[in-house]
Each structure stands twice: as C-alpha cells, then as structure tokens.
Amino acid sequence: RGFEIRKFYYCTALKGEDHSWRKPAPGMIHAAEAEFGLDLSGAFLIGDKWSDIEAAHKANLRPLLVYSGVTAPGEESNWAHPPERAFENLLEAANWIVSG
C-alpha cells in the first residue's frame, strides 16, 4: 500500500470572506475531485477542527477528527455533524483507515 501527493489545495480568502474554497465550504474537495477524476465514495477527510469536519460532511466524505490542540477532546460531541471517529494523532487515524 502507498499513496501519492498530487497537489496541495489552499484558500487565500480571509476569515469572514465568502469563498467557495474557504472551509466549511467543500470547494477545494470538489476541485480535486474534478481535476483528478476522483471517486470519493467512501473517502475519508482527516481534520483537526469543526470547519474540516463540516466540509467533509458537505462533500459526503467520512470525517475523522485528530486532536492536535485545536479541538479539545469531547468538544466535537456538541457539533451538528460530529466526526465518525476521533484520534489522538494522525498516525492513529491512518492506521485505523488501513486496518479497516
């Protein structure tokens, strides 16, 4: 198993600006999907804050939360769309994905 990073996507819009790429909008996800012809059914999005998880929900991805210090453990239980699972770090999340 392996993976390849094909491209980085980022949004330069400032907080409060309305832009289709600014999370929680799923614009970056849809751009990558179109550019690379991806089938995202069953795909995961790993994030560390509410806007990441909400973007995953809007793009019909499986949202996973990693506690990086941005979101406190348990805080996600108050979100309208909580993550599928939460992990202490990125390695735990990646191991869970590949073990499934």
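Residues numbered from 1 in each chain as written. Predicted model: local features only at pLDDT ≥ 70, side-chain atom pairs only at ≥ 80, totals over all residues. Heavy atoms only, no water.

Now for the overall build of the chain. Counting secondary structure elements, the chain contains 3 helices and 3 strands. Ordered by position from the N terminus, the helices and strands of the chain form the series α-β-α-β-β-α. Over its C-alpha atoms the chain spans a radius of gyration of 14 Å, differing by no more than 12% from the 13 Å that the globule rule assigns to 100 residues. With the C-alpha coordinates aligned to their principal axes, the bounding extent of the chain is approximately 35 × 30 × 20 Å. For the chain, the exposed area adds up to about 6,800 Å²; of that, 53% sits on carbon and sulfur atoms. (Helix = DSSP H or I, 4+ residues; strand = E, 2+ residues; numbered from the N terminus. Rg over C-alpha atoms; globule rule 2.2 N^0.38 Å. Areas by Shrake-Rupley, 256 points an atom, 1.4 Å probe, with all protein chains shown as cover.)

What follows deals with the sheet that holds strand 2 (residues 62–66). Sheet architecture is open: 3 strands sit in the order 1-2-3, paired in parallel fashion. Looking at strand neighbours, the two that pair on one side only are strand 1 (44–47) and strand 3 (85–87), the edges of this open sheet. Taken pair by pair, the neighbouring strands of this sheet meet at an average axis angle of 25°, ignoring direction. Here 3 bridges tie strand 2 to strand 3, and the two strands are oriented parallel to one another. When the bridges of strand 3 are listed, L64 appears paired with R85. (Pairing = 2+ DSSP bridges. Axes fitted to C-alpha atoms, helices over the stretch in contact; angles between N-to-C directions.)

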